[in-house]
Amino acid sequence: MASGSALIFDEEMCRYSLLWPDEEYLEAVKRTPEMSLEELKAFSMKFNDVYFHQNIYHCGRLAVGATLELVDAVMKKVVRNGLALVRPPGHHGQFSAACGFCVFNNVAIAAYYAKEKYNLNRVLIVDWDVHHGQGIQYSFEEDPSVLYFSWHRFENQSFWPNLTESDYTSVGMTNSDYLAAFFHILLPVAYQGEMYASPEIFAHLTQLLMPLAEGKLCVVLEGGYNLTSLSQSVCQTVQTLLGDPCPRLLGLGCACDSALESIENVQSIHSSYWSCFQHLEAETETRSKLPRLSQKVEEPPETLKKNTKSVDVAWPEPLARTAAPLRTLVAAPAGLDVTLQNGCQRLGDASESTAKEVQSIWEKHFPDYTDKGVLQSFGNITSVLDQIINKEVCNGCVVVSDATLCSRWVFQHTKLSQFERKVFVVQICAAEPEDQSDGHLSLCLRAGKGFVAGLMQVVFSLVLPLAYEFNPGFVLMVCGESEVKNSIASAWGHMTCLLQGIAEGHTLALLQDCDGALLESTVSALSGTPLISLGVPEAPNLVDLQMIEKQRQRLQKHWSILRSKAPPLGDNGHFHSFSTRAFSSGVFETTDLTAELMATNPPRASPQPVKMKKEESLLGKLGGTLVRKKKLKEEENAERTILDPSSREDINFKDLQKVLIDWINSELEEERIIVKDLEEDLYDGQVLQKLFEKLSGCKLNVAEVTQSEIGQKQKLQTLLESVNATLRPLHWSSEWSVDAIHSKSLVSIIYLLLALAIYYAAPIRLPEHVSVQIITVTKKEGILHTAHVTKQLTSTTTEMMIGRSERDAFDTLLDHAPDKLNVVKTSLITFVNKHLNKLNLEVTELDTQFADGVYLVLLMGLLENYFVPLYNFYLTPESFEQKVHNVAFAFELMQDGGLQKPKARPEDVVNLNLKSTLRVLYNLFTNYKNSD
């Protein structure tokens, strides 16, 4: 079997014929070596944006030859995959014309060549250049055997090549945008038949393509613009082709509105051709971006264009991708054969220390189980996990006798070893588990025709996006007892391979009493061996698609990467169940995302609507952790407090939570802890412990990870005793308690965080005058009595409550001498107009004219003597988010200029908070008052 990747260059590449259908154009290009300079200029003028020289024909043949040589090497299985570095580029080139520096269309020729020589009937071309490769599109518009997928800048047809057929694209696509396009468009279709992307994303995009076509992947580099980013991106791509683990991606979230609109448009247009989109057809309408061409595009003033310098995006050097000495470790019964590739080996006998450790934990935590086969499974799991934890091996596969029990063992062991706080779990089982614990998500698919296609749709629509946004450090895949487990071996292998981009490839697969096919498929996926193609699967069941879409719509409120603007649809039928889980803190009951496969036959009669279980039995909410709703159990004379739902939706209260979350994440960045939801991420004491230790510099004498409720409360007790001793002068300790925090009282948690932020002088600005309504419920003589209480969280004097945070001149000015405010405003207006007048701009109102961030961005450009590219900010912002983006970008420019990060928040400036605006402008005045 082929192994390794190819990097090819040889003069023999010129021996290939060009397979060019337009002989007249080909003969004309052949004559260019003999042309004079004037003749070359005249010949170049016949085409769009292309320049010919006397060596172009030879270079063009080398570029095509390199691409075809790579195709031959991959198709003949000399290598598994490869990368061709070619120049001149080709994807704009057309059969009868050169275009956009492209003479011959290298990739189009390679596709024709592969189809003709190797009798292929399906070829996928993925083009992620910043420009639309219209040459490839034109080449195969009438050819159903070639699928061309391109994303590129369009800018309402103002970006080259300025074609209407380049519509349905996005500008400035980020990592989240690229992944959204893959999850919602490319992968579903592929299995059926200037950009802001960091270099690391290309490792993941390549990884997501590798399960296709039995691993026959040819990458062709035709050029680039940012040489630093280009070299890093090529290295990331090649390392993935070679099998190195992908780096973890941080900060993923919702794709931008333009990308989502493009995804929605593409789904609508292609719903007539691809069954994976047909459930969206009836309610999705295309929204062309072309009408925006009529809008006037404002050009930067000439004065700003002169004597300025451009700002280049400089990507930091990606972190090293170090592969473990061994790729895959397999623990399977002696009679179950499996092919072991290079870097893959069977597990030997467990060490004496491992055996003793297993026996000890078994006797302590699993005293009721006597099956020695399970004990053997525990020993194998422990041996594999230890080698993954010690980075001696990347991933592993263990055949077990009881998948459910062994899953519990995995979490017990990872908890004790403090291996990883965040674990993502994918599970297939025979029936929906009784434990509908926190964040449990059940997805049930119909047995029979279309089942595999439905399963893959779950992977594309839910599993992969959730896994990427959750960003775990470890993936656990569990295939338990199920009628379908041995019939989905290939699909399970593809899912396993697609998830190898997560958690740097750290994956453990548990297979319960499987056959050889499932084991072979799993080990192949883990070891990077090419997988058997799924072929052309039957269309997924429409009812399944509707159910999947309904779940996606529900979850997208909390996991923004799921957004694609698809419509909600109904659900009915009999099902298999598919399950994913995401666990946090190493605790089995926490942060749970599950999808299980339950095997039942589809009904013969026409399907009747099935009543969905109440929301409480699925997911009540998804945040940094996933939790189900809890029922309030009232006992006689017991009092419960509930946050009024209207307060939850209060914009100032949400703003306060965001400020606190951002602060926590900033403080704990080195701990690699990411908080998304204050209630669900802080109640067990783990994050609060780390935060207090970081702020105070003191180490608490508590267990790092606690699974039981008693252990969590003991940790909180120790933590709050230390906190209260430190914050005693604040007199806020009555606002929180162990029970309040552990019961996820959001108000108590926020009071505690506010006290810590104020005492330790956190570099944040808290929203002022934030209050909430609390409902107290008391049961007396069987009747519930309610009362409303207002809780004041912040005020204008919050920063003075303990006298440790500095108040600046503007606090004093606004509190004690508001009559002198106009003097300060006049001075600042004079300062900003001194510079903005160069652009014929005039400021009269500080609190309103800087609120959209445009003047602030332009002012920074003038102060630092450079032109700020218009694509970096919104020149005419309309939404609140666009205005916040502008102000935040201006703050970044200030930091680039050597200024400290403003204490004001972008949201405060946009919300017309005069004090925040004055602080920002005064900081500029202090540093640039002598600047011309």
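Because the structure is predicted, anything quoted here is derived from the model rather than measured. (Residues numbered from 1 in each chain as written. Predicted model: local features only at pLDDT ≥ 70, side-chain atom pairs only at ≥ 80, totals over all residues. Heavy atoms only, no water.)

All right, on to the overall build of the protein chain then. In terms of helices and strands, the protein chain carries 31 helices and 18 strands. Here the protein chain, with 932 residues, has 57% of them falling under the buried criterion. For the protein chain, the accessible area works out to roughly 41,200 Å², and carbon and sulfur atoms hold 50% of it. (Helix = DSSP H or I, 4+ residues; strand = E, 2+ residues; numbered from the N terminus. Buried < 20%, exposed > 50% of the residue type's maximum accessible area, 1.4 Å probe, protein only. Areas by Shrake-Rupley, 256 points an atom, 1.4 Å probe, with all protein chains shown as cover.)

What follows covers the environment of Phe474. As for its position among the elements, Phe474 is in strand E11 (residues 474-479). Spatially, the C-alpha atom of Phe474 lies 8.6 Å from that of Val425, the residues being 49 residues apart in sequence.

The next point concerns the nonpolar core. Among the nonpolar cores identified, the biggest contains 86 residues, and Leu464, Tyr468 and Leu519 are the most heavily contacted of them. If one sorts the elements of this core by residue count, helix H14 (residues 451-470) sits on top with 13 residues. Lining this core are residues from two domains, each supplying at least three of them: domain 1 (1-171 + 199-248) and domain 2 (326-562). Apart from residues no more than four positions distant in its own chain, Leu464 is found in contact with Phe183, Leu187, Leu208, Val459, Leu498 and Leu499. The next biggest cluster of nonpolar side chains, apart from the first, holds 48 residues, and it includes Leu643, Val659, Ala755 and Tyr759. (Core = buried A, V, L, I, M, F, W, Y, C linked by side-chain atoms within 4.5 Å. Domains from an automatic or database assignment. Contact = heavy atoms within 4.5 Å.)

This part takes up the environment of Ser482. Relative to the assigned elements, Ser482 resides in the loop between E11 and helix H15 (489-498). Judged by its relative accessible area of 5%, Ser482 falls in the buried class. Expressed as a C-alpha distance, the spacing of Ser482 and Ile428, which sit 54 residues apart in the sequence, is 7.3 Å.

This next bit is on the environment of Ala491. Its place among the elements puts Ala491 in helix H15. Once residues lying within four places of it in the same chain are set aside, the contact partners of Ala491 are Val452, Leu455, Met456 and Leu534.

With 14 residues, helix H9 (residues 257-270) should reach 20 Å at 1.5 Å per residue; the first-to-last C-alpha distance of 20 Å fits that figure. Most of H9 sits inside the fold, with 10 of its 14 residues counted as buried. Among the residues of H9, those classed as buried are Ala259, Leu260, Glu261, Ser262, Ile263, Glu264, Asn265, Val266, Gln267 and Ser268. (Expected span 1.5 Å × (residues − 1).)

The tally for this structure, following the rule as stated, stands at 15 salt bridges. Where Glu680 meets Lys744, a salt bridge forms, and the shortest distance between an N and an O atom there is 2.9 Å. With Glu680 in helix H20 (residues 678-682) and Lys744 in the loop between helix H23 (738-742) and helix H24 (746-759), the pair connects residues that are 64 residues apart, well separated along the chain. For the pair Glu680 and Lys744, a shared accessibility class is recorded, and that class is buried. (Salt bridge = Lys/Arg side-chain N within 4 Å of Asp/Glu carboxyl O.)

A few words on the pairing of strand E9 (residues 422-428). One face of the sheet, then the other: side chains in a regular strand alternate in exactly this way. With seven of seven residues buried, E9 is to be regarded as a mostly interior element. Here E9 shows a buried face lined by Lys422, Phe424, Val426 and Ile428 and a second buried face lined by Val423, Val425 and Gln427.

Relative to the elements of secondary structure, Thr32 occurs in the loop between helix H1 (23-30) and helix H2 (37-44). Under the relative-accessibility criterion, Thr32 is labelled buried at 0%. Separated by 2.6 Å, the side chain of Thr32 and the backbone oxygen of Val29 make a polar contact. Those residues in contact with Thr32 that sit more than four places away from it in its chain are Leu40, Phe43, Phe52, His53, Gln54, Ile56 and Tyr57. (Polar contact = N/O pair within 3.5 Å; in protein donor to acceptor, adjacent residues only side chain to side chain.)

Right, let's get into helix H19 (residues 651-667). Relative to the 24 Å expected for 17 residues at 1.5 Å per residue, H19 spans 24 Å between its end C-alpha atoms, a close match to the ideal helical length. Regarding H19, the residues found buried are Phe653, Asp655, Leu656, Gln657, Val659, Leu660, Ile661, Trp663, Ile664, Asn665 and Glu667. If you check the start of H19, you find a side-chain oxygen 3.1 Å away from the backbone N of Asn652, and it comes from Asp650.

Time to look at the pairing of strand E8 (residues 393-400). Among the eight residues that make up E8, eight are buried, leaving the element largely enclosed by the rest of the structure. Sheet analysis places strand E6 (residues 326-331) next to E8, joined by five bridges and oriented parallel. Residue pairing across strands places Leu329 opposite Gly396, the latter belonging to E8. Sheet analysis places E8 next to strand E12 (residues 507-512), joined by five bridges and oriented parallel. Of the residues in E12, the one forming a bridge with Val399 is Leu511. (Pairing = 2+ DSSP bridges.)

Looking now at the packing of H19 against helix H21 (residues 686-696). Following both chains from N to C, one finds H19 and H21 inclined at 65°, their axes separated by 10 Å at the closest point. By the criterion of interaxial angle, the relationship of H19 to H21 is roughly perpendicular. Seen along the crossing, H19 lies across H21 with a hand that is left-handed. Residue-level contacts link Trp663, Ile664 and Glu667 of H19 to Val687, Leu691, Lys694 and Leu695 of H21. Grouping the amino acids of the contact of H19 with H21 by side-chain chemistry returns five nonpolar, no polar and two charged. (Axes fitted to C-alpha atoms, helices over the stretch in contact; angles between N-to-C directions. Parallel < 35°, antiparallel > 145°, perpendicular 65-115°, else oblique. Left-handed = near helix turned anticlockwise from the far one by under 90°. Nonpolar A, V, L, I, M, F, W, Y, C, P; charged D, E, K, R; others polar.)

So, on to the packing of aromatic side chains. Across all of its chains, the model carries 13 aromatic pairs by this definition. Ring centres of Phe378 and Trp409 lie 4.0 Å apart, and the angle between their planes is 20°; this geometry places the pair in the stacked category. Placement of Phe378 in helix H12 (residues 372-389) and of Trp409 in helix H13 (residues 403-417) is noted, with a sequence separation of 31 residues between them. You'll find Phe378 and Trp409 in the same group, each marked buried. In this structure an aromatic cluster arises from ring pairing among Tyr25, Phe43, Phe47, Phe52, Tyr57 and Phe104. If you follow Lys744 out to its NZ or CZ, it ends over the ring of Tyr683, 4.5 Å from the centre. (Phe/Tyr/Trp six-rings, centres within 6.5 Å; stacked < 30°, edge-to-face > 60°. Lys NZ or Arg CZ within 6 Å of the ring centre and 35° of its normal.)

Before going further, it helps to spend a moment on unusual backbone geometry. The residue after Arg87, namely Pro88, is reached through a cis peptide bond having omega 10°. With respect to the element layout, Pro88 can be found in the loop between strand E2 (81-85) and helix H4 (106-118). Look at Lys744: it is not a glycine, yet its phi comes out positive at around 65°. For Lys744, a relative accessible area of 10% translates into the label buried.

Our next topic: the confidence of the model for the protein chain. Taken as a whole, the protein chain shows an average pLDDT of 75; of its residues, 75% reach a score of 70 or greater. Considering only residues more than four positions removed or in separate chains, one finds that residues 435-439, a stretch of pLDDT under 50, has 21 contacts. Counted against residues more than four places away or in other chains, residues 566-636, with its pLDDT under 50, gives 275 contacts. (pLDDT = per-residue confidence, 0-100.)

Bringing the side chain of Ser527 into the picture now. Note that Ser527 resides in helix H16 (residues 516-527). Look at Ser527 and you get buried, because its relative accessible area is 8%. Of note is the side chain of Ser527, whose polar atom sits 3.3 Å from the backbone oxygen of Ser524. The contacts of Ser527, once residues within four sequence positions are left out, are Arg327, Thr328, Gln341 and Cys344.

This next bit is on the packing of helix H6 (residues 175-190) against H14. At a minimum axis separation of 9 Å, H6 and H14 run at an interaxial angle of 165°. Relative to H14, H6 is oriented roughly antiparallel. H14 is crossed by H6, and the crossing has right-handed handedness. Residues Leu179, Phe183, Leu187 and Pro188 of H6 form the contact with H14, whose participating residues are Gln457, Phe460, Leu464, Pro465 and Tyr468. Its residues assigned to classes, the contact of H6 with H14 comprises eight nonpolar, one polar and no charged.

Considering all chains together, one arrives at zero disulfides under this definition. In this structure Cys497 is a free cysteine whose sulfur lies 9.9 Å from that of Cys246, the closest cysteine sulfur available. (Disulfide = S-S within 2.5 Å.)

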